[in-house]
Amino acid sequence: MRIALYQPDIPQNTGTILRLCACLDVEAHIIEPAGFPTSDRHFRRAGMDYLDQVSIVRHDSWRHFEDWRREAKYRLALFTTKGAEPYLDHRYSDDEILLFGRESAGVPEDVAAAADSRVVIPMRESLRSINLAMTVAMALGEALRQVRVS
């Protein structure tokens, strides 16, 4: 199980997500360009000393990430407000990457088209979106519940 962030643009969210990945022993992928330097104080503060404990893989572009993913034969589940499959109904697997788009814009259509599935966290229609770090925590919690059976 892996998390991938497509061009994240809020350092506090990214730091919080990386801290979550460290605590749950989940590899994190960042697809560049990010909207902030990794030396950003908000990023470092949100990640605290956990940033040294997480496996972070950086990809300098979507194309490089996608080439790597296809070669490794990982499935890709895109979490999007435009998704069709509710996240609690999705069947997760160990060879899956959970992909999350930019806080400000999601992902472009070519990225969405590459996904094996488009997953949504159902919410009130009158509201726009759930905070990215919260979305990752909800999705990762369910995915790990399914694949890490005791």
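Procedures and definitions
Residues numbered from 1 in each chain as written. Predicted model: local features only at pLDDT ≥ 70, side-chain atom pairs only at ≥ 80, totals over all residues. Heavy atoms only, no water. Helix = DSSP H or I, 4+ residues; strand = E, 2+ residues; numbered from the N terminus. Rg over C-alpha atoms; globule rule 2.2 N^0.38 Å. Buried < 20%, exposed > 50% of the residue type's maximum accessible area, 1.4 Å probe, protein only. Contact = heavy atoms within 4.5 Å. Arc of directions from axis to C-beta. Pairing = 2+ DSSP bridges. Axes fitted to C-alpha atoms, helices over the stretch in contact; angles between N-to-C directions.

Engineer: Before we move on, could you go through the overall build of the chain and cite the residues and values that matter?
Structural biologist: Of the regular secondary structure elements, the chain holds 5 helices and 7 strands. Taken from the N to the C terminus, the helices and strands of the chain come in the order β-α-β-α-β-α-β-β-β-α-β-α. Computed over the C-alpha atoms, the radius of gyration of the chain is 14 Å, within 12% of the 15 Å expected from 2.2 N^0.38 for a compact globule of 150 residues. The 150 residues of the chain split such that 45% are buried. In the chain, 77% of the contacts between residues at least 6 apart in sequence involve partners at least 24 apart.

Engineer: I'd love a proper account of helix H3 (residues 62-72), names of residues and values included.
Structural biologist: For an α-helix, the turn length of 3.6 residues means that residues three or four places apart are oriented alike. Restricting attention to buried positions, one finds in H3 the residues Trp62, Phe65, Glu66 and Arg69. Mapping the buried residues of H3 onto a view down its axis gives an arc of 95 degrees, with all of them on the same face. Contacts made by the buried residues of H3 are with strand S1 (2-6), strand S2 (27-31), strand S3 (56-59), strand S4 (75-79), strand S6 (96-100) and helix H4 (109-114). The first or second residue beyond H3 is Lys73, which carries a positive phi of 65 degrees.

Engineer: Give a detailed account of the sheet that holds S3, specifying residues and quantitative values.
Structural biologist: Spatial strand order, S3-S2-S1-S6-S4-S7-S5: 7 strands in an open sheet with parallel pairing. Each edge of the sheet is formed by a strand with only one pairing partner; in this case those strands are S3 and strand S5 (85-86). Relative to S2, S1 runs parallel, the two being bridged by 5 bridges. Bridging across to S2, Leu5 finds its partner in Ile30. Strand contacts of H3: S1, S2, S3, S4 and S6, with the helix running at about 135 degrees to S4, the strand carrying the most contacts. Packing of helix H5 (residues 132-147) onto the sheet brings it into contact with S1, S4 and S6, and relative to S6 it is tilted by some 160 degrees.

Engineer: How would you summarise the environment of Glu71 if you had to cite specific residues and measurements?
Structural biologist: Its place among the elements puts Glu71 in helix H3. Residues Glu71 and Met134, 63 residues apart in the sequence, show an inter-C-alpha distance of 30 Å.

Engineer: Describe in detail unusual backbone geometry, supporting the description with residues and values.
Structural biologist: Note that the residue after Glu32, namely Pro33, is joined by a cis bond; omega there is 5 degrees. Topologically, Pro33 is positioned in the loop between S2 and helix H2 (41-47). Of note in the backbone geometry, Asp25 takes a positive phi value of approximately 60 degrees without being a glycine. Secondary-structure assignment places Asp25 in the loop between helix H1 (11-24) and S2. Looking at Asp25, the relative accessible area reads 66%, which means it is exposed. With phi around 65 degrees, Lys73 is a residue other than glycine that occupies positive phi space. Along the chain, Lys73 turns up in the loop between H3 and S4.

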